[in-house]
Every structure is written in structure tokens, then in C-alpha cells.
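Breakdown of the fold
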Amino acid sequence: MTQKALFDDMIPAQDAAQPAPGRVCTVLVPYPVDKAYSYAVPDDLGHDLAAGTYVCVPLGKREVLGVVWDEHAAAPPRGKLKNMIARYDVPPMPDSHRAFIDWVAHYNMAPKGFVLKMALGAAGALEPPKPVTAYKLSSVSLQALGADEQAREKFLRQFSPQRRRIFALLQDGIPRRAAEIADQCACSPAVVKGLLEKNLLETEHLFSAAPCRNPDLARGGVRLSEDQQMAADHLCEKIADGGFYAALIDGVTGAGKTEIYFEAVAAALKSGKQALILLPEIALSNAFLDRFRRRFGCAPALWHSALSAGQRKAAWRGVATGETKVVVGARSALFLPYHDLGLIVIDEEHDPAYKQEDGVIYHARDMAVVRAHKGGIPVVMVSATPSLETMANVWDGRYEGLHLPDRHGGATLPDIHLIDMKNDKPERGFFIAPSLMRKIEENIAAGGQSLLFLNRRGYAPLTLCRTCGHRLSCPRCTAWLVEHRKTGRLHCHHCGYNLPVPKNCAECGDTDSLTACGPGVERVYEEITQHFPDARTVVLASDTAEDHEKLRAILEGIRDHDYDIIIGTQIIAKGHHFPKLTLVGVIDADLGLQGGDLRAAERTYQLLHQVAGRAGREDLQGHAYLQTYFPQNKVMQALAAHGRDAFLEVESDEREQAGMPPFTRLAGIIVSGKDEQMVMDVARDLGKTAPRGEGLDTLGPAEAPFYRLRGHYRRRLLVRADKKINLQKAVSDWLARNKIPSSIRVYVDIDPQSFF
Ligand code: ADP
Ligand code: ZN
């Protein structure tokens, strides 16, 4: 359905049967509309209907969920209003969150209702939950535990340590589900049920299944080093002071940054508030959750794309009622309607995954800072390789920089070596330099683990015909088809198009003339297993570990040293801690430098630093080898010299001279449609009237780098503005001046991160 048609359908009919009573509210609904509609409040919905209340309203022929946006709206001059239908028994969405939604919509030029939709991300969460069975101490055990010291000891001595942990946990009087008790006491739910049968526990119906209701704050974390303690104390003070505050914890991988922000989370919880930890989805690993559990005695509430409907519902409700204390989630977790949020942590703040590229296009890191500002709470960004944007804010004093210089416990950073592929060539059809092969061999002999990194799934990124030179590309996208040998198919990684590897060239008809060019992880695997047939080798990419369980098993295997050689894409680069990993080889360090991306150098530095940082995390010295054709490139030089700050300064100077972010602001405009000529015409007309003038210019239109994507032709324009200029206004005035045909879509991407 197009946006226009949907919009028409949503304008409430003005001829409802009931006469309109006195009070009128506006209600925002989770559809692509930009304004809240007026509704009459019937008497039975109560006089205390506050802004932020979740309500059910009629919309066209449907009944939909919405949120009261303005509690005292003026009745429109004519026509009768429809009545609201019902209200939900959930605390209203806080003012700060509604202000945030308004701001996000305005800043990213997205319809308000579309942003609201992200906050209501769990269908059915507003219906009252079904009761669940919870367990608490029975009068028998309460009496025994309340007796004098000696009797109490005697009572407890009859039980196993597991059972004693259960008594200790439940002494606070809070009833818990069997699964929660099992989780916190490291036993099986059967143990809980066993105590029930002996009348030592009793059950109660609980109307909340909210996760992470009772994190254990008394438990305490590891003993912090002096540097860690100073940073943690400082953050805790800021949390106690209240108000907006932004900090960057900046320290190498393994410096102990996570331990510091856990203290900040504990401080926010102690003051009775909720905390949100944002992670790039890929880093939401079990290892992280285990650490959280060790610190807080329970699992956090999770929020990411793979949750079941039930988990989603429970987490949403817990967040909205305030029962859920800590959420750990991917970028969309930022939009949940927290009852009383007290702290936001953005781990790996530089990660490109924080940018949402479809639906509402937004940058979760930047929006998180705004959310903290609206809520008057602290926000803590965390990274070993901060983005230039964030560093610029630290340099300007807008964010406080908390620096951790060393790895925890004296572990050293890996040595980074550059392998010049022009001199140290593998044989034709192979991709690992002889010198790197030798290092891997030595490392296996010494009992170490090696990781080979290549950010490319499949077997080969390009298949071409040796006879006529024809390259197999996607019929719908500007992209080559990637061979996956495991499945025997060619895949488009952009639209999912795929076909079996053909026998004949479609162009010249020659047989068996198609040949694979370049490596993907599957091909590196082939090379390694040929060379080291006895080594235990595993490939890890998003398509080799389809589900969380399989991924978890492989990661555990790596941690337990079940493998000598790991070959992986970026799925392996983030957030993992492998104690025996001492060698990292990057197959193609130049990969990210290709293409005209503004942040290509910065991104490559961040990714390779992070990958190299997998090596040598405990008492073992790590080595990283980067295979490159450009050893003199500034990125390679900075990596080898551990010269991050110097690199960022040079990057910053170059951006300033080029008039690029963070010194100016950009808006990407993509014109897209199925009719190539029409896309050209619309883009050209837009180009003619584009914003230009003092401190404002527009580049393009030009073909977008992905000129065809999923069958759509795409042209792009780039508006660049000085920081003092209202970029959104310039863009919206401009677009409003142009009539866009309904078969053409125009997407606006404020602060674009990728230039596809
Ligand atoms: P970062 O987040 O900076 O990469 P982590 O917080 O993950 O670093 O710490 C790296 C490793 O060192 C982890 O295994 C962590 O448990 C351990 N560690 C960090 N600080 C301490 C500490 N004070 N005492 C004991 N272990 C610590
Ligand atoms: Zn495609």
C-alpha cells in the first residue's frame, strides 16, 4: 500500500453516531502519518486521562492502538468527533519519551506515527498478561529461617548448596517463576518443584512475567583497578547528581570498559531507575550475557530482532511498567517506552550497525544522546576506536572523555605486522601469503589458535566466463552474484536472488568455462584445509550459523580450544573473548578502502583494529598480520604503529578541509523507481531546484553506487549544509516545491553513513 492511500484511509470519519462530549484529546497512531488526530473522550474513560495514555481508537473501519498526544485539544470547528473506545491499564508513556518521538520524527524527516510504531514494537503487550505461577517461601520455611541462629543453621544443613541458595534468594519475599529461580541459583526448575512438594515453598499467581525484575545489586563485580575505579566513581557521582551528562569511555579492547559501565548501571538501579545498554546486534553474545549474569545475578531483558512474540510482549510490558530494570538490546531498544529510564550505555558506539537504513532512517547513537538529553539523564558511550563524530564532541568539551590507557591485568596489545602482497605473493588461485602460512604453522605447533578474517561470505565474490569475459551479475541489482559452494548456488547478497551454478555461459554458450574469481571465507577454508589437513578448522559467517544455538555452540568450541584455525567474517570480530587466540590474519585488509565512502578509512581502521584485538588477550602475546597491496596507506601505517590519535587527527583535518562531516551536515536524497526514464527526470528536476546558497550546496544528481537495487533504479543527490543552517527545513521546503509522481519514491537520509 502506498503511503498516500494508507493516509486517506486513516482520516477518521466525521459522522460518528454519538454526539461529541466536551473533552477532546489528540491521539497519535502507529502508521505513517505526521499528526495526531482528535477524538472525543467519553465519560466512562475517566477524567484523569493523561497525555501518554495508551488507548484504542477507531480509524477508518478499524480499531487501532494509539497514544494520547495532547490531552486538551481544541475541538475542530465542524463535524462530530469519533469517541475513543478504550484505555489500557499500563502507565502512560512519559513526557520525555513523547518529546523524544516528536524530535526523532522532525530530525529524521519521518512521519511521527512511524516513529511511534517503533515504540509500540510488541503487538498485544497492552492486553493484561495471563497469570504465571510464582514461588515463595512457605510458612514452614519462614518459621525455620526466622528461628535463632543455631536452629536456623541446623535447618539449612539438611539441604544441598543449590537448595540453600534458593532459601537465601527468596528471603526478600519476592515471588519468582521457577525458571527465574533456577537461573539465579544455578539449579534446574525441578529442584524448585521438589521444595514445593515438601511444603518448603508455596505458589502464588503472579500477573507479570517481566524479565529482569530483581537484579542483585549487593553482589558486586570484580575488584576494579585504580584507573577503572576512578572512572567508575566519576560516573556514579554524575548519576547521583542527576541531569544530562555525556561521556566517552575510551580504552583499548580488553581495558575493562564493560566492568566500569556495569558499575554505572548498578548506580542507576540503586537510585530506583532503569538502565539501557545498547549493543550492535552482532555483539549480543552469550558471553556478554554470562558476564551480566555474574554481575547482577539474573539475565537482562533482551530486545533484538530474533525474540519470540512472547518474549517481546513480556519485555515491552516490563519496560513500560517499570518492573524490568535493565534492557540489553540492539538499536531499536532505544524506542521502548521506559517508565523511568536513568542511564543509557552505548557500547561500541562507532559501530555502523547503529544506523538504521530502512523504515525510519536514523542513527541510534545520535538519537540515544538526544533521548538522554530529553530525559535529563547520563549517557555513556564506549569504544576502543571512537568515531570521529564522538571524538570531535570530546575535543570540544561537549562529552567528557574517560580514558583507560592499558589492557586489564597487564595483557599487551598484539603486534601488528603488514604483509606486502606485491612482494609476498601466494600462487595463482590462492590467497594466503607464504609468510602468513608459515606463521600459522608455527602457531599450531606452539598450541596456539589462529583466526583468519575475511569480510566476505561464500566461496567467490565473482564468477566470470574465461571464454568471453561475461560476469554473472544480479538481474535486479548492480551487484555480482556470489558463489556459495556449500549450496552449489549463486546468490545476490542484496536482494536474495539466487540460482544453481550454471554449466554453460549464458552469453557465449561455452561449456565449463565459468571460473570463480577472488576469495570468500569458503574458499579460504578450502585453501587452509588443503594446506593443514590435520588442523581442526571451522568457518563462521552469518550463513554458516543460521541460528543462535548453532552459533553459540561454535563460539563455545572456540573458547574451549576445540579448533586450531577459525575463518570468519565480521560476525567473529566483535565482543568475543578467546583466551587461546594468539594469531590473527586479515586476508584482504584493503577490502573496505574501495569505493568512495566518506568514512572508508575510519571504518577500515575501526574494523581491523577490532579484529586484530582478538589476538592475545590474556598472558599470551598476540600477533596480527594484515595482507595489503598498499602498505604505505595511512590506515595500514596507523594500525601498525598503534597510532590511533594521530590517525584521527589527520582524518579530522582532511574532513575539515573537504568541508565534510562532522564539520558540516549532509542529507542524502535517493530517488528510486522502476521506470528508469522517470527516475532520471524526477532527479534532474529536483537537481534544478536544489538548495544552494550561502553555506548550502547540493551535489548530483548522479547514479547511486547501487544504481539498481531490487529492480529499482536509483539516483542520488547530496545536500551539504553548514552547521548553523537548518538542513531539515531547507530539504523539506525544497521537496514540497516539487511534485513527485506516485510511482517514484524519494528517501531522505539525514547524516548518511553509507553511500549506497
Ligand atoms: P573491554 O570492555 O574494555 O574490552 P572488558 O571489560 O571486557 O574490557 O575486560 C576484559 C577482560 O578483563 C574481561 O575478561 C574482564 O572480565 C577482565 N577484567 C576487566 N577488569 C577486571 C578487573 N578489575 N578484575 C578482573 N578482571 C577484569
Ligand atoms: Zn540482487
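These lines cover the structure that appears in this document, whether it is placed above or below. No experiment lies behind these values; they were computed from the predicted model shown. (Residues numbered from 1 in each chain as written. Chains lettered and ligands numbered in written order. Predicted model: local features only at pLDDT ≥ 70, side-chain atom pairs only at ≥ 80, totals over all residues. Heavy atoms only, no water.)

1. Considering the site of ligand 1
Basically, it comes down to this: Definition of nearness: a residue and a molecule or strand are near each other if at least one heavy atom of the residue lies within 4 Å of the molecule or strand. Side-chain atoms alone can form a polar contact between residues adjacent in sequence; in general such a contact is a pair of N or O atoms within 3.5 Å, and within protein one must be able to donate a hydrogen while the other accepts it. Shrake-Rupley sampling with a 1.4 Å probe provides the accessible areas, and residues are treated as covered by the protein chains on show and by no other component. Residues are grouped as follows: Ala, Val, Leu, Ile, Met, Phe, Trp, Tyr, Cys and Pro are nonpolar; Asp, Glu, Lys and Arg are charged; every other residue, Gly included, is polar.
Taken together, 16 residues are adjacent to ligand 1, and Arg223, Gly254, Lys257, Thr258 and Arg291 come closest. A distance of 3.3 Å is found between an oxygen atom of ligand 1 and a side-chain nitrogen or oxygen belonging to Glu259. Arg291 is positioned such that a nitrogen or oxygen atom in its side chain is 2.6 Å from an oxygen atom of ligand 1. In the complex, 78% of the free accessible area of ligand 1, which totals 550 Å², lies under the protein chains. Taken together, the residues of the shell around ligand 1 break down into four nonpolar, seven polar and five charged.

2. With respect to the environment of Leu278
So the rule is basically this: Elements are defined by DSSP. Helices are runs of H or I of four residues or more, strands are runs of E of two residues or more, and each kind is numbered from the N terminus. Note on exposure labels: buried denotes an accessible area under 20% of the residue type's maximum, exposed denotes more than 50%, and partly exposed covers the range between, all computed with a 1.4 Å probe on protein chains only.
Checked against the element boundaries, Leu278 lands in strand 9 (residues 274–278). Leu278 gets classed as buried once you look at its relative accessible area, which sits at 0%. Taking C-alpha positions, Leu278 is 13 Å from Phe292, a pair spaced 14 residues apart along the chain.

3. With respect to the coordination of the zinc ion (ligand 2)
What counts is decided by this rule: For Na, K and Ca the donor cutoff is 3.2 Å, while for all other metals N, O and S atoms must lie within 2.8 Å; water is not among the atoms, so some sites may look incomplete. Only two sets of limits are used to name each site, 85 to 135 degrees for every angle of a tetrahedral four-donor site, and over 155 degrees for opposite donors with all other angles from 65 to 115 for a square planar four-donor or octahedral six-donor site, with any other site named irregular.
The coordination sphere of the zinc ion (ligand 2) contains the protein donors Cys474 (SG), Cys477 (SG), Cys492 (SG) and Cys495 (SG), at a distance range of 2.3 to 2.4 Å. If you look at the zinc ion (ligand 2), its four donor atoms make angles of 106 to 114° with each other, and the shape they trace is tetrahedral. Mapped onto the sequence, the donors of the zinc ion (ligand 2) take the spacing C-x2-C-x14-C-x2-C. Here Cys474 matches Cys477 in class, with each residue buried.

4. Remarks on the nonpolar core
The line we're drawing: Grouping buried Ala, Val, Leu, Ile, Met, Phe, Trp, Tyr and Cys residues that are joined through side-chain atoms within 4.5 Å yields what is termed a nonpolar core. We call two residues contacting when some pair of their heavy atoms lies within 4.5 Å.
Among the nonpolar cores identified, the biggest contains 83 residues, and Trp316 and Ile344 are the most heavily contacted of them. Of the residues forming this core, the biggest block, six residues, is contributed by helix 13 (residues 364–375). Ignoring sequence-local partners within four residues, the contact set of Trp316 consists of Tyr54, Val90, Ala119, Leu120, Gly121, Ala122, Ala125, Leu126, Trp303, Leu336 and Pro337. Of all hydrophobic cores here, the second largest spans 36 residues; its members include Ala231, Ala232, Ala275 and Leu289.

5. Here we look at the packing of helix 14 (residues 388–395) against helix 20 (residues 644–658)
Stated precisely, the cut-off is as follows: Here the axes come from fitting lines to C-alpha atoms, over the contacting stretch only for helices, and the angles between their N-to-C directions go from 0 to 180 degrees. Here the word oblique covers every angle except those under 35 degrees (roughly parallel), over 145 (roughly antiparallel) and from 65 to 115 (roughly perpendicular).
Running from N to C, helix 14 and helix 20 cross one another at 95°; their axes reach a closest spacing of 11 Å. In terms of orientation, helix 14 and helix 20 fall into the roughly perpendicular class. Contact with helix 14, carried on its side by Leu388, Glu389, Met391 and Trp395, involves Arg644, Leu648, Glu649, Glu651, Ser652 and Arg655 of helix 20 and no other residues of that element. Partitioning the contact of helix 14 with helix 20 into residue classes produces four nonpolar, one polar and five charged.

6. Points about the pattern of salt bridges
Proximity of charged atoms lets side chains of opposite charge pair with each other. What counts, and what does not: Any carboxyl oxygen of Asp or Glu that lies within 4 Å of a side-chain nitrogen of Lys or Arg is treated as forming a salt bridge with it.
Counted according to the given criterion, the structure contains 35 salt bridges. When the shortest N-O distance is used, the salt bridge between Arg177 and Glu180 registers 3.3 Å. The class of Arg177 is partly exposed, set by a relative accessible area of 24%. Its relative accessible area of 11% is what places Glu180 among the buried residues.

7. Observations regarding the sheet that holds strand 16 (residues 400–404)
Strand pairing within a sheet occurs via backbone hydrogen bonds; the two strands may be parallel or antiparallel. Put simply, the test is: A pair of strands counts as paired when DSSP detects no fewer than two bridges linking them.
The parallel open sheet is built from seven strands, whose spatial order is 10-11-9-12-15-8-16. Both outer strands of the open sheet, strand 10 (301–303) and strand 16, are each paired with one neighbouring strand and no more. Between one strand axis and the next, the sheet turns through 20° on average, direction left out of account. Its contacts with the sheet put helix 13 on strand 9, strand 12 (341–347) and strand 15 (378–383), and the angle it makes with strand 12 is roughly 160°.

8. Things to note about unusual backbone geometry
A negative phi angle is the norm for most residues apart from glycine, just as the trans form is the norm for most peptide bonds. The step from Pro661 to Pro662 runs through a cis peptide bond, and the omega angle for that step is 5°. Among the secondary structure elements, Pro662 is positioned in the loop between helix 20 and strand 28 (664–673). Cis geometry marks the peptide bond from Gly700 to Pro701, where omega comes out at 10°. When you line up the elements, Pro701 lands in strand 29 (residues 696–709). Despite not being glycine, Arg710 has its phi angle at roughly 45°, a positive value. Take Arg710: it is sitting in the loop between strand 29 and strand 30 (712–722). Of the residues examined, Arg710 reaches a relative accessible area of 49% and is grouped as partly exposed. Notably, Asp751 is not glycine yet its phi reads approximately 50°, a positive angle. Here Asp751 is to be found in the segment after strand 31 (745–750).

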